[in-house]
Every structure is written in C-alpha cells, then in structure tokens.
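Each chain is listed here by its residues.
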Amino acid sequence: MQTDGNERYNETKKVILVTLLLNLFIFAIKLTAVVFSDGKAIAAECCHTFADMGMTLAVLIAVRMSKGDDKNAKLIENRIAKALSAVLFITAMGIGIGGLTALINGSSDIPGRSAVFAIAVSAAVKEKMYRYTLKTAEKLSSTALTADAWHHRSDALSSLASLAGVIGARLGLYFLDPIAAITVCGMIIKAAKDIYIAADVCEDKNPRDAVPNPVNL
C-alpha cells in the first residue's frame, strides 16, 4: 500500500505515541517493583524499558526528518532499522553473558511477588505492542517500524525469560534464570540478523517484497 509523506508520518506518529505511553506504564510498574522487591532481574528490566522509550523516539525522529520525501524516507528508515538491529544484538549479548555468568556463579537473589507481577504484565503488553506496531509497519511498508515491532517482540521474550527466572528463584530453582536467558539470547540474535539483512535488501528493492518475518515463532 502506497502512502504519501504526510499520511506516512501521521500513521507512524500515532504508533510511536501509543507505544511510548505503554512503555511509560510498564516503566512505572517495574520501578514500583524495584522499590518493593529484591533481585537484579527486575532492576535490569526497569532500565531496559527506559532505554526502549529512547529507541522508539529515534524511529519517530527518522520519519519526521524525511517527511514528504518517500525516497529519502525509505533510506533513513532502512538505516534506522539497521541501527535497531545492532541494538538488538548488543542487548542479546548482554542477556547471554549475564545468563552464562549467573549459571557459572549461581544466584542468591530472591525477588518478591511484585517482581513477578511487573514482569508478567510487561511480557503481555510488549506482545500487544509488537502486534500493533507490525500491523502498521506492513501497511506502510516501513522497515524502521518493522524493526521496532520485532524489538517489542524481543522484549516480550526477554520478559518471559526473566519471569521464568524470577519464579524459579522464588522456588529455589536458580538455574532456570540463566538457562532461559541464554535461550532468549539466541532468539534475539536471529531476529537482529534477519532485520539487518531485510533492511539491506530494501535499499535496492521494494520494501513490501523485501522484508521477511525476522522470527518464526
């Protein structure tokens, strides 16, 4: 579906504002959990959500800079998609290294119930954000929004891994946390690779034909 610069910007702006508000909601819940619960996982989740808001704003800025110029919009969006794929890769490596370190050294943190609640809500909301953003990305043939959508999916997967770890820690099964983290690390790395390749192909082809599903889940 072809859209002009103004419609493209307005559609993207709507998605960004909705996801920003949802991220703010998630951040508030996680911050509250940090205050009332022990555990490094929930603190890391809180920081991650704060960083997500900045990344989502970057997508809006990219589209705003290229408003009215479809060719330039695609070029900037593809570059933003590549940048987001790099952030996904770095995030995955951090999760993987942290999981491996915890698996080797063990963990003694016992998070509270508020951490379980906050992370469960985060996983559910992030999955909704993924579906909502991807729907608009497909409508606009936007590689940047596609990358942002899969970033939301990676966050949902990360939250599920954290949730398994938190519940495991509360039950005394500390090894579940690092194993889940390492597994999700591999999923996110695959998504990052496919997003980067898709954005690279889109610089020479029609984005609608070039952008694949980064992860088959």
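The model shown is predicted, which means the values in this text are computed figures rather than measured ones.

About the criteria used
Residues numbered from 1 in each chain as written. Predicted model: local features only at pLDDT ≥ 70, side-chain atom pairs only at ≥ 80, totals over all residues. Heavy atoms only, no water. Phe/Tyr/Trp six-rings, centres within 6.5 Å; stacked < 30°, edge-to-face > 60°. Lys NZ or Arg CZ within 6 Å of the ring centre and 35° of its normal. Salt bridge = Lys/Arg side-chain N within 4 Å of Asp/Glu carboxyl O. Helix = DSSP H or I, 4+ residues; strand = E, 2+ residues; numbered from the N terminus. Buried < 20%, exposed > 50% of the residue type's maximum accessible area, 1.4 Å probe, protein only. Contact = heavy atoms within 4.5 Å. Expected span 1.5 Å × (residues − 1). pLDDT = per-residue confidence, 0-100.

1. Details of the packing of aromatic side chains
(1) Moving on: Throughout the structure, instances matching the rule amount to one aromatic pair.
(2) Moving on: Between Lys-82 and the ring centre of Tyr-196, over which it is positioned, the NZ or CZ distance is 5.3 Å.
(3) Moving on: When the ring centre of Tyr-130 is taken as origin, the NZ or CZ atom of Arg-153, which lies over that ring, is 4.0 Å away.

2. Re the pattern of salt bridges
(1) Moving on: Evaluation of the coordinates by the stated rule reveals four salt bridges.
(2) Moving on: For Lys-139, the salt bridge goes to Glu-11, with nearest N and O atoms at 2.5 Å. With Lys-139 in helix 4 (residues 113-140) and Glu-11 in helix 1 (residues 5-36), this pair connects stretches of sequence that are 128 residues apart.
(3) Moving on: Residues Asp-155 and Lys-126 are paired through a salt bridge, measuring 3.1 Å at the closest nitrogen-oxygen approach. Here Asp-155, found in helix 5 (residues 143-171), pairs with Lys-126, found in helix 4; they are 29 residues apart in sequence, far enough to count as distant.
(4) Moving on: The class of Asp-155 is buried, set by a relative accessible area of 4%.
(5) Moving on: Judged by its relative accessible area of 1%, Lys-126 falls in the buried class.
(6) Moving on: Each of Glu-127, Arg-131 and Arg-153 takes part in one network of salt bridges that share partners.

3. Notes on the environment of Ser-162
(1) Moving on: Secondary-structure assignment places Ser-162 in helix 5.
(2) Moving on: Relative accessible area serves as the criterion here: at 14%, Ser-162 is assigned to the buried category.
(3) Moving on: The residues contacting Ser-162, other than those within four sequence positions of it, are Glu-45 and Ile-119.

4. Observations regarding helix 4
(1) Moving on: Here helix 4 is 28 residues long and its end C-alpha atoms lie 41 Å apart, about the 40 Å a rise of 1.5 Å per residue gives.
(2) Moving on: Downstream of helix 4 by one or two residues, Ser-141 has phi in the positive range, about 55°.

5. A look at the confidence of the model for the chain
(1) Moving on: Scored by pLDDT, the chain has a mean of 76; 77% of the residues are at 70 or more.
(2) Moving on: Confidence scores differ between elements of the chain, with helix 7 (residues 207-210) showing the lowest mean pLDDT of 43 and helix 4 the highest of 92.
(3) Moving on: pLDDT under 50 marks residues 206-217. Its contacts with residues more than four places away, or in other chains, come to 27 contacts.

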